[in-house]
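# Residue-level structure breakdown
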Amino acid sequence: MKKQTLLLLALMLFNTTFSQIDFIKHNIEVNGLGYIEDSYAADLDGDGDLDVLLAHEDNISSFYNIDGLGNFGNIQTITSSLYSTQSVYAIDLDGDNDMDVLAASKYDNKIAWYANDGSGNFGTEQIISTNAYHASSVYAVDIDGDDDIDVLSASLSDNKIAWYQNDGNGNFGAQQIITTSAGGAEKVYASDIDNDGDKDVLSASYFDDKIAWYQNDGNGNFGAQNIIGIVDGAIDVFPADMDSDGDMDIITAAIDYSTIDWYENTDGIGNFGSAQNIQTVIGAGISVYAADLDGDDDMDVVYGTDTRIAWHENSGQGTFGEQQIVFSSTFGAAKINTCDINDDNKTDILGFYPGNFSWFENKGALSVKEDQAQYFSIYPNPTHGILSIDSEINISKIEIYDNSGKLVLSERNSNQIDLSSSKIGIYYLSIEDAKGNVTFKTILKK
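Anyway, here's the lowdown on the structure attached to this text. This structure is a prediction, so every number in the text was calculated from the model and none was measured. (Residues numbered from 1 in each chain as written. Predicted model: local features only at pLDDT ≥ 70, side-chain atom pairs only at ≥ 80, totals over all residues. Heavy atoms only, no water.)

This paragraph deals with the environment of Gly425. Relative to the helices and strands, Gly425 resides in strand β35 (residues 425-433). What makes Gly425 partly exposed here is its relative accessible area of 26%. Sequence-wise, Gly425 and Asp402 are 23 residues apart; in three dimensions their C-alpha atoms are separated by 8.1 Å. (Helix = DSSP H or I, 4+ residues; strand = E, 2+ residues; numbered from the N terminus. Buried < 20%, exposed > 50% of the residue type's maximum accessible area, 1.4 Å probe, protein only.)

Structural data, given as structure tokens:
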């Protein structure tokens, strides 16, 4: 029986160009917030670390990173006067060098912003527009080249991508329509797609299944819709250089076809190749980001579905390793983004499901060469007593963390640890060898 268990649970690390990243889940208490639609991390109080914004129900709320290490204080309400908040973003809109807050809300068709006093205290609502029918997404960037931050919006029921000109002090002009041909516009973003030095606009639209971009002439005048790809239920789009050739490629998530794909910018000026599949996901693809998770200076892909948060390592040339699951759940749709929450120069992940918000601490890559292959197996798993570890190397420390990332048990210079006193649940096992290499495994308590 022991031999069969080992075969099922052995952790083998082989020589490969792809490495494993281990993440520790840290819960942020959000009881009573209701359904969370979006999140964003920014230094809201000017203390040099990243705080968190949440869009939920009719509200925008903030959590302040009280020690810079990812321990968060109580919730602070910025506004509760929106009607079904869909999207939130932070950037300096009034030129005073602090992070203001920008939001889109669905049932009042509203794009609005809130001025920061520099210490994380926010002023009253300032309406940019109420002409974005079922507003779904908001983003901000310098559109017209005048060195202040303009605002972009996507709105679902009028199929509209639009922008609003900033005078530099947070006063915005009338809505300027980029297109009304994004059927069921879900997401708007901006990047220099054609390498001419200005910010072009990207959209993902659900009803017509389009991923598209719009060329900016540098002054905020946009060309016709350029379709990058058609994918069932297009819901998210993100620009990044996936093949290390110096131009912006595109990664996408689709909720109906359930895929995470990327499109190569083949000539650097916005002509794209066909979809290259990264993963056909279990459940629906909800959100996608690109970030360097493993510290090798290329852009990996991380995404959320309605069953998990996962990532794929990039070779640097746009080929990807196997799916690595960060978190699995049955709670519902997951949206994610990335940032360094605890200031350790590793990219962490923010993720949330209905009523559940967490950050996932990046513990770093474990990369093992062929002549250093390590073998760990754990048994029994699940367990209600002694957990044993078979290993080809000497183990210097075993640690057990609960699902919130709290250390609950520790054992040194032993291949066993007693879980009999712990509660039923999911735990993370940290195995450290004499050289300080750390491997994480998930274990279950009966």
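Spatially, the four strands line up as an open sheet ordered β11-β12-β13-β14, and their pairing is antiparallel. Either end of the sheet is taken by a strand with one partner, and the two such strands are β11 (135-141) and β14 (176-179). In this sheet, neighbouring strand axes are inclined to one another by 25 degrees on average, regardless of whether the strands run parallel or antiparallel. The sheet contact formed by β11 and strand β12 (residues 150-155) spans six bridges and is antiparallel. Across the sheet, Val141 pairs through a bridge with Asp150, a residue of β12. (Pairing = 2+ DSSP bridges. Axes fitted to C-alpha atoms, helices over the stretch in contact; angles between N-to-C directions.)

Turning to the sheet that holds strand β17 (residues 210-216), a few remarks are in order. The strand order β15-β16-β17-β18 describes an open sheet built from four strands, whose pairing is antiparallel. Strands with a single pairing partner mark the edges of an open sheet, and in this sheet they are β15 (185-191) and β18 (222-230). Taken over all neighbouring pairs, the strand axes of this sheet differ in orientation by 20 degrees on average, direction set aside. Looking at chain direction, strand β16 (residues 200-205) and β17 are connected through five bridges and run antiparallel. By the bridge assignment, Ser205 is partnered in β17 with Lys210.

Below, the discussion takes up unusual backbone geometry. Outside of glycine, negative phi angles account for most residues, and trans bonds account for most peptide bonds. Despite not being glycine, Glu57 has its phi angle at roughly 50 degrees, a positive value. By the element assignment, Glu57 lies in the loop between β4 (51-56) and β5 (59-63). Residue Glu57 is classed as partly exposed on the basis of its relative accessible area, which comes to 39%. Unusually for a residue other than glycine, Asn109 sits at a positive phi of about 55 degrees. For Asn109, the position within the fold is in the loop between β8 (100-105) and β9 (110-114).

Counted according to the given criterion, the structure contains nine aromatic pairs. For the pair Tyr139 and Tyr189, a centre-to-centre distance of 4.3 Å together with 25 degrees between the ring planes defines the contact as stacked. Within this pair, whereas Tyr139 is found in strand β11, its partner Tyr189 is found in strand β15, the two being separated by 50 residues in sequence. No difference in accessibility class separates Tyr139 from Tyr189, as the two residues are buried. Joined through ring pairs, the aromatic side chains of Tyr40, Tyr89, Tyr139, Tyr189, Phe238 and Tyr289 make up one cluster. (Phe/Tyr/Trp six-rings, centres within 6.5 Å; stacked < 30°, edge-to-face > 60°.)

What follows deals with the pattern of salt bridges. By the definition in use, this model includes eight salt bridges. Where Asp158 meets Lys160, a salt bridge forms, and the shortest distance between an N and an O atom there is 3.4 Å. Residue classification places Asp158 among the buried positions, given a relative accessible area of 17%. Since its relative accessible area comes to 7%, Lys160 is described here as buried. Three or more residues are tied together by salt bridges with common partners; here these are Asp108, Lys110 and Glu125. (Salt bridge = Lys/Arg side-chain N within 4 Å of Asp/Glu carboxyl O.)

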